Amino acid sequence: MTRTKTMLAAFAVGLLTSTAALAGDVRIMWYSDGVEGEVLKDLVDRFMKDNPDIKVTIDNVSYSVVREQLPVQLEAGDGPDIARVTNLKALSKHWLDLRPLVADAAYWDKNFGDQADWMRPDGTNQISGFMTQITLTGGFANKTLFDQAGVAIPGKDATWDDWAKAAKQVAESQQVPFPMALDRSGHRITAPDLAFGANYIGADGKPAPLDDGSKAFISKFIGWIEDGTMSKDVWVSAAGSTYRAGADDFINGQVAFYYSGSWQVPNFSTKIGSNFDWVATGSPCGSANCTGMPGGAGLVAIKYTKNPKDVAKVMDYLASEAVVKEFSERTLFLPAHKGVIEKGLDFKTDDAQAKAALGIFVTASTGLSDLARKLPGWAWSDTIYGALVTRVSQAAAGEMTLDEAYTRIDADIAAKVKDSAL
Amino acid sequence: MADVSRQTSQSQSGQSLGDIAMVPVRLAMGVIDAPLRWVQKTFGLGGMAAFFLLPNMLIFGIFVLLPFFINFAYSMTGGTALFLSDRSFVGADQYTRLFDCSNYLNPNTCAEDTFWTAVSNTGWFVILQVTLMIGVSLVTALILNRDLRARSFWRAVFFFPVLLSPVVVGLIWKWILQRQGLLNFGLFGFGFEPHVWLNDRNWAFAATIGVSIWAHMGFYTLIILAGLQAIPRDLYEAAEMDGTRAMRVFTRITLPLLMPNLLVVIVLVLIRAVQIFDEVYVLTGGGPGTSTLFVTQYIYETGFAAQLRNPGLAAAASILMGLVLVVLTLMQLGLSRSSEKKGARK
């Protein structure tokens, strides 16, 4: 009997240990826009050489996996130990508080404190992680097409209308299919919305109904899609809130002006190469201001990890000044680390266009509206982005009128607010 | 079982190679003989059937019935939490929300307009795709049943797409149909104006039907072909001797005798059509707008992909979809039983 019990106990222990993470195992879920996956691997390999007791595994996944599958894993109390995420605030209840675990919490507060609120639950002083890059939305012009068409590239304070007019002239002259393109993303369309005076946040801190500022740009946007000024392809290429970028069309020389963001710089530098000249333009102006939308991806620790101490050690390493500096210089990403920014960066590229573009984005980051700075840390941003993408693309496809789209956006957001209160 | 055991223990002389090969089988049978005897003794002869069915029933219960009941429980709850214990009971609210419509034929009058758009799209898809799939598969099977040169090669050609993963199917056709795809390249080469097929509501919808037929018809053709080959040749020879016209042979011999196979094909195609998702998701993503958004994608988007998920609403929609599939299956059972009865009377 005793022997049977012993065998059963051994079996149970074996079963338990086979499903649990091994001590020293740290799994990172990572997506890449450009070369950052390779840079991370290089950095992590060095870490493992110095810390042979910790095994770091990088799971390279597509961005859609992070957006669609990671939240479900987290809700189930599962997932990786560390993840690179963009919807940082909405998922903040799943992040691990690193404050008691990191070697020097003051270092984290000093260097990453400005964005700490973007990724922690409201009302806490949690250290959830750090931004691997700060991004800013902005435009890119195909300079070669503009030059060939003999059309001057609109200046710093040019409006969206100025850009639409110029891009249309270029497209007609150079026989390219799209004068302008804008990513199918709520975050992206929010920048011009804000430039036209939109306010998303109501007096009670919950989403406000769609206002005249948002309607002013959305109506303009749909008008441009209807008359062929704006690429229809990107926006009607999916249903729901699925993300679609227009970057490939720009890289293939099919778009005169493309509105996306700073994270495209390394992508363009690699893929466009010397095929044509391109420039970053900053954000076009609306009737209220010329703001872009800040954002970025953060590396966060997940509270369901079995190895929080090892996770903190990896995070400490990746957030260290030398590593952040090297990562930013090699990936051409704008860092969030205050110390690194103050000491300056030497981006590792021979591409003068990429260097100039990064400079434009750094300059543009000083001209953000207050609301633009606030939205990344607001819990309802993603809800509004989702409703905007879903309904604006239906209006773009001709399935509903603009007024119907506005009504649906408000109704969708109200339903989500109600659902989340249950 | 006891006989097998006795045979195994008997000493045999002059064994053939086949007998030698059977030795391990007989040994194995001998090993399981004792426990089976115990089962028979304990549960009785009737209980043996239940005993053998148990593993299957367990798998069915755990992977089909249990998820169904869990799904039903989810459909009665609200909120965005994933665990049932964290969700609040809302009764039939999710169903009420799905059915909150002033005119079911106009999705824009419904609270959940995208659900009804998906229902309408799925309805049209089922009608058109099932009709075309049966027709094309039948014609292909009839052709492949003839004495063609390289008949096996042609059968393989039509069956090949069935082996492809739906994602691969979607990607192949996306590369063909997109703005700078192969089709437009060809059209441009021949002096025609290129067209953005996947941005055009009607063409995109037609593409989903065409692609799904291309991808799956090989399988249904094979089932029909098997049915055609089972029809006795002497019936055709008799018809030929009587000078019966080809169309009459088809309607009076081929079609009636093929009906059991066709029924199976109809039901399989119907169920698959209602569940359409993977290749369409890759090909069009449900666009342009929502013109190729089908019910399964709506469920996926609502429950898993939306920026604020609603598992309760997705569960309610999937329960409704499940009910439709149950009705279709019952219809198939009814039809096949009535055709069996007719066959028996004849």
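What counts, and where the lines are drawn
- Numbers given for residues are sequential positions, taken from 1 along each chain in its written order.
- Written order decides the labels, with chains lettered from A and ligands numbered from 1.
- Local features in this predicted model are restricted to residues of pLDDT 70 or higher, and side-chain atom pairs are both shown and tallied only at a pLDDT of 80 or more, whereas totals for entire chains, interfaces and linings draw on every residue.
- Side-chain measures here rest on the full set of heavy atoms in the structure, leaving out hydrogens and waters.
- For this analysis, a ring pair means two rings from Phe, Tyr or Trp (six-membered ring only for Trp) whose centres lie within 6.5 Å, classed as stacked if their planes differ by under 30 degrees, edge-to-face if by over 60, and tilted for the remaining angles.
- Strands here mean DSSP runs of E at least two residues long; helices mean DSSP runs of H or I at least four residues long; both are numbered from the N terminus.
- When a residue's accessible area, from a 1.4 Å probe over protein chains only, is under 20% of the maximum for its type it is buried; when over 50% it is exposed; and in between it is partly exposed.
- One bridge is not enough; two strands pair if DSSP finds at least two bridges between them.
- Here the term right-handed applies to a crossover when the path leading from its first strand over the helix to its second strand runs clockwise, the strands being oriented away from the viewer.
- Either an automatic procedure or a domain database provided the assignment from which the domain bounds are taken.
- Should any heavy atoms of two residues lie within 4.5 Å, those residues are counted as being in contact.
- Throughout, buried area stands for the accessible area (probe radius 1.4 Å) lost by two parts on being put together, summed over both.
- The term salt bridge refers to a pairing of a side-chain nitrogen on Lys or Arg with a carboxyl oxygen on Asp or Glu at a separation within 4 Å.
- Here a polar contact is recorded for every N or O atom pair within 3.5 Å, except that within protein the pair must consist of a potential hydrogen donor and a potential acceptor, and residues adjacent in sequence are included only if both atoms are side-chain atoms.

A closer look at the packing of aromatic side chains
All names here are of chain A. Using the criterion set out here, one finds 47 aromatic pairs over all chains in the structure. On the basis of an interplanar angle of 45 degrees and a centroid distance of 5.0 Å, the ring pair of Phe-47 and Tyr-317 is categorised as tilted. Taken as a pair, Phe-47 in helix H2 (residues 36–50) and Tyr-317 in helix H12 (residues 308–318) lie far apart in primary sequence, 270 residues in all. With respect to burial, Phe-47 and Tyr-317 carry one shared label: buried. Between the aromatic rings of Trp-160 and Phe-257, the centroid separation amounts to 6.2 Å while the plane-to-plane angle is 80 degrees, which identifies the pairing as edge-to-face.

Notes on the pairing of strand E6 (residues 255–261) of chain A
Residue and element names in this part refer to chain A. Among the seven residues in E6, seven count as buried, and that is most of the element. Bridge count between strand E4 (residues 129–142) and E6: five bridges; the pairing is antiparallel. Looking across to E6, one finds that Gly-139 is bridged to Tyr-259.

Quick look at the pairing of strand E2 (residues 55–60) of chain A
Residue and element names in this part refer to chain A. Relative to E2, strand E1 (residues 25–30) runs parallel, the two being bridged by six bridges. Opposite Asp-25, over in E2, you have Lys-55 as the bridge partner. With H2 bridging E1 and the parallel E2, this β-α-β connection has right-handed handedness.

Some words on the domain arrangement of chain A
All names here are of chain A. When the domains of chain A are assigned, the result is domain 1 (23–134 + 295–343) and domain 2 (135–294 + 352–421). A straight line from the C-alpha centre of domain 1 to that of domain 2 covers 28 Å. Listed by partner, the interface residues are 16 residues for domain 1 and 21 residues for domain 2. Buried area between domain 1 and domain 2, summed over both chains or domains, comes out near 1,400 Å², and the portion from carbon and sulfur atoms is 65%. Taken together, the connections running from domain 1 to domain 2 amount to zero salt bridges. Inspection of the region where domain 1 meets domain 2 yields two residue pairs in polar contact (both at pLDDT 80 or more). Listed by contribution, the elements that provide at least two residues to the side of domain 1 that touches domain 2 are E4 and strand E8 (294–301).

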